[in-house]
Amino acid sequence: MEKFYISSAIAYTSAKPHIGNTYEIVLADSIARFRRLIGDDVYFQTGTDEHGIKIEEKAEAAGISPKEYVDNISGEIRKIWDLMNVSYDKFVRTTDKHHEEIVQKIFKKMYDKGDIYKGEYKGLYCTPCESFWTPSELVDGKCPDCGREVKEVSEEAYFFRLSKYQDRLIKYIDEHPDFIQPESRKNEMVNNFLKPGLKDLCVSRTSFDWGIPVTFDSKHVVYVWLDALTNYITNIGYDPDGSSDEFKKLWPCDLHLVGKDIVRFHSIYWPCFLWSLDLPLPKKIFGHPWLLMNNGKMSKSKGNVLYADDLTQKYGVDAIRYYLLHEIPYESDGNISEDLIVERINSDLANILGNLVQRTISMGFKYFDGHIENKNVLDDDSKNLINSINGLFDKVKSDMDTIHISDSLTDIFDLLRLSNKYIDLETPWVLAKDDKNKDKLETVLYNLLESIRVSGVLLEPFMPDTSKKILDELNISDKSFKFNDSNSYSLNEAKPLFMRINN
Ligand code: MSP
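Residues numbered from 1 in each chain as written. Predicted model: local features only at pLDDT ≥ 70, side-chain atom pairs only at ≥ 80, totals over all residues. Heavy atoms only, no water.

**Student:** How do you make sense of the packing of helix H5 (residues 162–175) against helix H10 (residues 263–276) when you look at a structure like this?
**Tutor:** When two helices pack together, their arrangement is given by the angle between the helix axes and the distance between those axes. Running from N to C, H5 and H10 cross one another at 110°; their axes reach a closest spacing of 10 Å. With respect to H10, the axis of H5 lies roughly perpendicular. Note on element contacts: H10 touches H5 through Ser267, Ile268, Tyr269, Pro271, Cys272, Trp275 and Ser276, opposite Leu162, Tyr165, Arg168, Leu169, Tyr172 and Ile173. (Axes fitted to C-alpha atoms, helices over the stretch in contact; angles between N-to-C directions. Helix = DSSP H or I, 4+ residues; strand = E, 2+ residues; numbered from the N terminus. Parallel < 35°, antiparallel > 145°, perpendicular 65-115°, else oblique. Contact = heavy atoms within 4.5 Å.)

Structural data, given as structure tokens:
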């Protein structure tokens, strides 16, 4: 059994997450579920990132303490992850006492090693992004990430010797082509950040309190990204004084799944922090694209935000999971709108999937009282369908291995489409007119049921409830990924899986 540690980013507890943040967790969930399906020993970690000046300010505006504020939002985030049926193994919080203690030890260890030193920070700071920028990094004098104003700040601060690790990191990335994916993100990191040279990183703040205090200099709190990134190790038993067996089993992480905007933190800061602690690097950092609304960035102030709870109430959890996973390609941004969601539900979920299941099961009842066995009367179209059933798993696996999640769904839906076409080619209603075609008719239905079964099994990572419903209707426990020629079906009545929506 192979262990597979997958993490998502930990979401800021500044506001309720929109459907864009929700996309990432559903994406991570589909990978975690797929790995479990193929027998891996999966550990899936997610959670919330709760410190920083932005949160302190929001809490003050709301008239409550920062802790109350983050408790509320973290709870809301967890509720949305649960609503979306996210199968995380651990939900972590950076305000957790244990995390805070280990971060303090990590900071001290880096300091004792000489990788952190005290200096003076003068620079341009973007408060919402919690990021420092050099004048040359600004775009039109504004933050290159969010486009907002930056301000000059000057404060006594601790610095991490990022520059010390620069050459090692360039060499590492060069020698490990899979470390940062997709390729385009890797090139962006190397060309825009590594090649121009790494400056030491300011890793403490004195301008606010809502953070983890530096034990040996308590007016400083630890920079949020040092605090946040270490969540990946503090929560699995890393301890500078001696780590747990769980840590030894789980680390290095197999996949850090993060949005394209924070690949920089994960592929530059994080490796250097880990080297400073003498730890191996994660195997892969994948920077997924973003979900846009009407092709623009989602923003509450622009009024173009969608939330998972509203959408699932209207369309159902699996329809939204399907939409998110299918609609966002490997590396370019995807788009969402309610019209597009309805289009997808009608064309893919109701027409292709729902119809196939409904038609096949009702024919099963009509012609064979719901009891179908394989009579092995195969023509070329049947052989073609069986070949496609048998080829599906390898296609899905190869797409999942390379994080081409939407392609996996396309593969499954291609088989469902072919199955619908197979019904039209075989015309069961014509076969049923002549008793001498009985065995052929039963074979056709058997092949269709096997196609639905294998698709149903492989749909689990993407639409877990729908997968269960399909397998319940087929009333079958066989979860194998290939055509099985000796199943025996005793069907349950079909209930519609997805209704067409007429707007
Ligand atoms: N707290 C940091 C992550 C720290 S990880 C050690 C953070 N939080 S966030 O709440 O702003 O974002 C969480 C994740 O959601 C990030 O990976 C981010 O890229 C992703 N997304 C935010 N908006 C998104 C879309 N519109 N579409 C897809 N993903 C989006 O960054």
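**Student:** What am I meant to see in the layout of surface pockets here?
**Tutor:** The method is simple in principle: a probe with the dimensions of a water molecule rolls over the atoms, and the space it marks as empty is what remains. Put simply, the second largest pocket is a space of about 530 Å³. Along its surface, the second largest pocket is lined by 25 residues, and Phe132, Thr134, Glu137, Lys199 and Asp200 are the ones closest to its centre. (1 Å grid on protein atoms, 1.4 Å probe; cavity = no way out; pocket = protein on both sides within 12 Å on 5 of 7 lines; lining within 4 Å. Points joined across faces, edges and corners; volume = space filled by probe spheres on them.)

**Student:** Honestly, the site of the ligand in this entry has me stumped. Any pointers?
**Tutor:** Taken together, 24 residues sit near the ligand, with Ile10, Glu24, Asp49, Gly259 and Asp261 positioned nearest. The backbone of isoleucine 10 places a nitrogen or oxygen atom 2.8 Å from a nitrogen atom of the ligand. Within the backbone of tyrosine 12, a nitrogen or oxygen atom sits 3.0 Å from an oxygen atom of the ligand. Relative to its free-state accessible area of 660 Å², the ligand is covered by the protein chains to the extent of 94%. (Near = heavy atom within 4 Å. Polar contact = N/O pair within 3.5 Å; in protein donor to acceptor, adjacent residues only side chain to side chain. Areas by Shrake-Rupley, 256 points an atom, 1.4 Å probe, with all protein chains shown as cover.)

**Student:** Would you take a moment to explain the pattern of salt bridges for this structure?
**Tutor:** As a working rule, side chains carrying opposite charge can pair if their charged atoms are close by. In the structure shown here, the tally under the stated rule is 41 salt bridges. Between lysine 3 and aspartate 254 there is a salt bridge, and its shortest N-O distance comes to 2.7 Å. With lysine 3 in strand E1 (residues 3–8) and aspartate 254 in the loop between helix H9 (245–250) and strand E12 (255–259), the pair connects residues that are 251 residues apart, well separated along the chain. Comparing lysine 3 with aspartate 254 shows no difference in burial state: the two are buried. Aspartate 278 is paired through a salt bridge with lysine 113; the nearest N and O atoms lie 3.5 Å apart. Of this pair, aspartate 278 sits in the loop between H10 and strand E13 (285–288) while lysine 113 sits in helix H4 (residues 97–113), placing them 165 residues apart in sequence. Overlapping salt bridges, with partners in common, bring together Asp29, Arg33, Arg321 and Glu460 in one network. (Salt bridge = Lys/Arg side-chain N within 4 Å of Asp/Glu carboxyl O. Buried < 20%, exposed > 50% of the residue type's maximum accessible area, 1.4 Å probe, protein only.)

**Student:** Would you take a moment to explain the packing of helix H17 (residues 438–459) against helix H18 (residues 464–474) for this structure?
**Tutor:** Contact geometry for H17 and H18: axes closest at 8 Å, N-to-C directions at 150°. Overall, the two elements H17 and H18 adopt an arrangement that is roughly antiparallel. Seen from above, H17 lies across H18 with left-handed handedness. Of the residues in H18, those in contact with Leu449, Ile452, Arg453, Gly456, Val457 and Leu459 of H17 are Pro464, Ser467, Ile470, Leu471 and Leu474. Class assignment for the residues of the contact of H17 with H18 results in eight nonpolar, two polar and one charged. (Left-handed = near helix turned anticlockwise from the far one by under 90°. Nonpolar A, V, L, I, M, F, W, Y, C, P; charged D, E, K, R; others polar.)

The quantities given are spatial measurements derived from coordinates; they are silent on function.
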